[in-house]
Amino acid sequence: MPYSEIFKDHLTNPRNGGELEDANVVAEETNPVCGDRLRLALRLADGTIKAARFLAYGCPPVLVCGSALTEFIVGKTIEDALQVTRKQLAESVGGLPLRKQHAAALAIETLRSAIDKFRDS
Amino acid sequence: MLPYLTEKFGNASSVHGFGQEARAAVDRARREVATLIGARPNEIVFVSGGTEANNLAIRGVGEAAAGHGRHIITSAIEHSSVRGICEVLEKRGWEVTRLPVYEDGIVKIQDVRAALRPDTILISVMLANNEIGTIQPIEEIAALARAEREKSGRRIWVHTDAVQAAGRIEINVEMLGCDLLSFSAHKLYAPKGAGALYVRRGVRLAPQSLGGHQERERRAGTEGVPGIVAFGEAAKLARQEMSQRAQHEERLRNIFEKGVTERIDDIVFNGEPARRLSHVSNISFRFIEGEGLLISLDLQGIAVSTGSACSSGTLEPSPVIIALGRNDELARGAIRFSFGKDNTQADVDYVLEVLPHVVEKLRQLSPLKKVRRLDPVAVE
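Residues numbered from 1 in each chain as written. Chains lettered and ligands numbered in written order. Predicted model: local features only at pLDDT ≥ 70, side-chain atom pairs only at ≥ 80, totals over all residues.

### Observations concerning the overall build of chain B
When its secondary structure is counted, chain B shows 11 helices and 10 strands. Overall, the C-alpha framework of chain B stretches about 80 × 55 × 40 Å when taken along its three principal axes. Looking at the 380 residues of chain B, the share that counts as buried comes to 48%. Sequence-distant contacts, at least 24 apart, represent 69% of the contacts inside chain B between residues at least 6 apart. (Helix = DSSP H or I, 4+ residues; strand = E, 2+ residues; numbered from the N terminus. Buried ≥ 20, exposed ≤ 12 C-beta atoms within 10 Å, placed from the backbone. Contact = placed C-beta atoms within 7 Å.)

As structure tokens, this is what we get:
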């Protein structure tokens, strides 16, 4: 399955890559099977995600899903952001091959982990 | 090759005129392919490629010599076609010793000597590695096996996977002393789908495909005449042009490596530089994963390869780079750049222009490194 134009665009021009210095919460999740790693930093205020930044180590779908996830959630309420599914994320980058679905799963897991951490803090 | 796809369509096993025309072409190709490695034509078995040659050599000798012993010595950096067949034999009762390589990526003769057992029947070590290009001491290994054979009267055969080396360095099976040698047509610029196994006269091999007399009963099945004809022609050209191709590729490779060293920090070159094929350069880029680099370069028209991770359908980093003692991060960040006869200085200049930017961009996204921010954060 060839990667889509939107996938290539995220890889070439990642959105919201880097660190977020005024973040209220940073979460990092890894895929122990293949070593993929995603770090998500969020700035939340009034129940809304005001800013998001990501760092990623792993195969291209991990980078692309990190980039796409930040686009998806900035401006959303926490409740709405939690509704984003792995499938929606994968579809937003033009679909992922079966053996790369784990990248979308890692992104959603990292988002949930960040929100849990924020709520616990 | 093209006439053998159209008007010269005979089956080389047929006795009619068309068949004999094809037979003559296969015989000519066999002579050229044999000449490339200093073998006799009747020691060449045509197969479908390197994987089949490696499978046939190891399982063929393993099964034919099973009555004498069931121990095989191989290395930790073999191609997956050698690794795979050794694993299959292991499950069926053979024992396999995998020799280490060290940071230089080269098997040590004393390790081979120490691994020899009374039931060793086969040593299979590649002539040059496909990921890092390191050239293995096959001549010494074969001499050791020969000495052991003469001393004890036991059968110990030496096989070498020369898929990556053939056409790149001079190979003479008499000087090397190996008993079996695999090589492949497409590495010589012929179409994919043809390969050969050299089998020294007197070496018994249990055929793995049965039901025909082709290839002196060692590989039944109708010969792929067009591919074999092209293999013959490619072998002739490789022999004639070998030194100029190697010089050209080495020059490009050296310019590339110097340029990369000047432009990119935090890199590690893999494989002993002084003892490797002239067209291969393997580099680990710290903080990033090879497949991200591979795809990013591909989008810019540059084709490279990784031996690692998801890209090859497995989740493990390259076993070759791990065998050098590199950590997981360096193994996952390893990329093989290879240079061919048709590459130019302009190609190398282009890679040197693109590569540093791509590496830097991926590093900026890497959580493994303290990174600087890409641009001001947009906040509503």
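### Brief notes about the sheet that holds strand S10 (residues 334–338) of chain B
Residues and elements named next belong to chain B. Strand order in this open sheet of three strands is S8-S9-S10, and the pairing throughout is antiparallel. Edge positions in the sheet fall to strand S8 (267–270) and S10, since each of these pairs with one other strand and no more. Each adjacent strand pair in this sheet contributes to an overall mean axis angle of 30 degrees, direction not counted. Relative to strand S9 (residues 280–285), S8 runs antiparallel, the two being bridged by four bridges. (Pairing = 2+ DSSP bridges. Axes fitted to C-alpha atoms, helices over the stretch in contact; angles between N-to-C directions.)

### Some thoughts on the environment of Ile-264 of chain B
Residue and element names in this part refer to chain B. Along the polypeptide, Ile-264 turns up in the loop between helix H7 (225–263) and S8. Taking the C-alpha atoms as reference points, Ile-264 and Val-163, 101 residues apart in sequence, are found 31 Å from one another. The contact partners of Ile-264, leaving out residues within four places of it in the chain, are Pro-356 and Val-359.

### Some remarks on helix H8 (residues 290–298) of chain B
Counting buried residues in H8 of chain B gives seven out of nine residues, a clear majority hidden from the surface. Its buried side turned inward, H8 of chain B meets helix H1 (5–12) and helix H2 (60–73) of chain A together with S9, helix H10 (328–332), S10 and helix H11 (345–364) of chain B.

### As for the pairing of strand S5 (residues 157–161) of chain B
All names here are of chain B. Burial analysis of S5 places five of its five residues in the buried class, the great majority of the element. With burial as the criterion, each face of S5 is covered, one bearing Trp-157, His-159 and Asp-161 and the other bearing Val-158 and Thr-160. Read from strand S4 (residues 120–124) through helix H5 (residues 138–152) to S5, the crossover connection turns out right-handed. Taken together, the three bridges between S5 and strand S6 (residues 180–184) define a ladder with parallel strand orientation. Bridging from a neighbouring strand, Asp-161 pairs with Ser-182 of S6. (Right-handed = clockwise from strand over helix to strand, strands pointing away.)

### Notes on the pairing of S9 of chain B
The two faces of a sheet get side chains in turn, since along a regular strand they alternate between them. Here S9 of chain B lies mainly inside the structure; six of its six residues are buried. Of the two faces of S9 of chain B, both are covered, the one formed by Val-280, Asn-282 and Ser-284 of chain B as well as the one formed by Ser-281, Ile-283 and Phe-285 of chain B.

### What to know about the domain arrangement of chain B
Residue and element names in this part refer to chain B. Domain annotation for chain B reports domain 1 (2–238) and domain 2 (242–364). Listed by partner, the interface residues are 22 residues for domain 1 and 20 residues for domain 2. Taken together, the residues of the side of domain 1 that touches domain 2 break down into 11 nonpolar, six polar and five charged. (Domains from an automatic or database assignment. Nonpolar A, V, L, I, M, F, W, Y, C, P; charged D, E, K, R; others polar.)

### Some remarks on the interface of chain A and chain B
How big an interface is tends to be reported as the loss of accessible area on association of its parts. In this assembly, 28 residues from chain A lie in contact with 22 residues from chain B. Among the elements that make up the side of chain A that touches chain B, the one with the highest residue count is strand S3 (residues 48–57) of chain A (six residues).

### With respect to the nonpolar core
Cys-65, Leu-89 and Ala-107 of chain A together with Ala-196, Leu-197, Tyr-198 and Phe-231 of chain B are the most contacted members of the largest nonpolar core, which has 148 residues in total. No other element matches the 11 residues that H7 of chain B contributes to this core. When we break this core down by domain, the ones giving at least three residues each are domain 1 (2–238) and domain 2 (242–364) of chain B. Sequence-distant contacts of Leu-197 of chain B, that is, excluding residues within four places in its chain, are made with Val-45, Val-47, Ala-53, Leu-56, Ala-57, Leu-180 and Ser-182 of chain B. (Core = buried A, V, L, I, M, F, W, Y, C linked by C-beta atoms within 7 Å.)

### A word on the packing of H7 of chain B against H11 of chain B
Residue and element names in this part refer to chain B. Following both chains from N to C, one finds H7 and H11 inclined at 20 degrees, their axes separated by 10 Å at the closest point. On the basis of the axis angle, H7 is roughly parallel to H11. Crossing hand, H7 versus H11: right-handed. Across from Leu-252, Ile-255, Phe-256, Gly-259, Val-260 and Arg-263 in H7, the residues of H11 making contact are Gln-345, Val-348, Val-351, Leu-352, Leu-355 and Pro-356. Taken together, the residues of the contact of H7 with H11 break down into nine nonpolar, two polar and one charged. (Parallel < 35°, antiparallel > 145°, perpendicular 65-115°, else oblique. Left-handed = near helix turned anticlockwise from the far one by under 90°.)

### A word on unusual backbone geometry
Residue and element names in this part refer to chain A. One non-glycine residue with positive phi stands out, namely Asn-16, at about 60 degrees. According to the C-beta neighbour criterion, Asn-16 is buried, with 23 such atoms within 10 Å. One non-glycine residue, Asp-46, adopts positive backbone phi at about 55 degrees. Tracing the backbone through its elements, the reader meets Asp-46 in the loop between strand S2 (37–45) and S3. A count of 7 C-beta atoms within 10 Å places Asp-46 in the exposed class.

### A closer look at the confidence of the model for chain B
Residue and element names in this part refer to chain B. The predicted model of chain B has a mean per-residue pLDDT of 93, with 95% of residues at 70 or higher. Within the model, the stretch residues 309–313 combines pLDDT values under 50 with 18 contacts to residues more than four positions away or in other chains. For the stretch residues 371–380, pLDDT sits under 50, and the model shows 19 contacts to residues farther than four places along the chain or on other chains. (pLDDT = per-residue confidence, 0-100.)

### Some details on the sheet that holds strand S1 (residues 44–47) of chain B
Residues and elements named next belong to chain B. A sheet is described by the order of its strands in space; here seven strands give the open sequence S1-S7-S6-S5-S4-S2-S3, paired in mixed fashion. Looking along the sheet, the strands with just one partner apiece sit at the ends: S1 and strand S3 (95–99). Averaged over all neighbouring strand pairs, the angle between strand axes comes to 20 degrees, with direction disregarded. Note: S4 against S5, three bridges, orientation parallel. Within S5, the position partnered with Ser-124 by the bridge is His-159. Sitting on the sheet, helix H3 (residues 80–91) touches strand S2 (71–75), S3, S4 and S5, and the angle it makes with S2 is about 155 degrees.

### A short note on the packing of helix H2 (residues 50–64) of chain B against H3 of chain B
Residue and element names in this part refer to chain B. Where H2 meets H3, the axes come as close as 9 Å, and the angle between the chain directions of the two elements is 30 degrees. By the angle between their axes, H2 is roughly parallel relative to H3. Note on packing geometry: the crossing formed by H2 with H3 is right-handed. When H2 is examined against H3, the residues Gly-50, Thr-51, Asn-54, Asn-55, Ile-58, Arg-59 and Gly-62 are found in contact with a partner set consisting of Ser-81, Val-82, Ile-85, Cys-86 and Leu-89. Taken together, the residues of the contact of H2 with H3 break down into five nonpolar, six polar and one charged.

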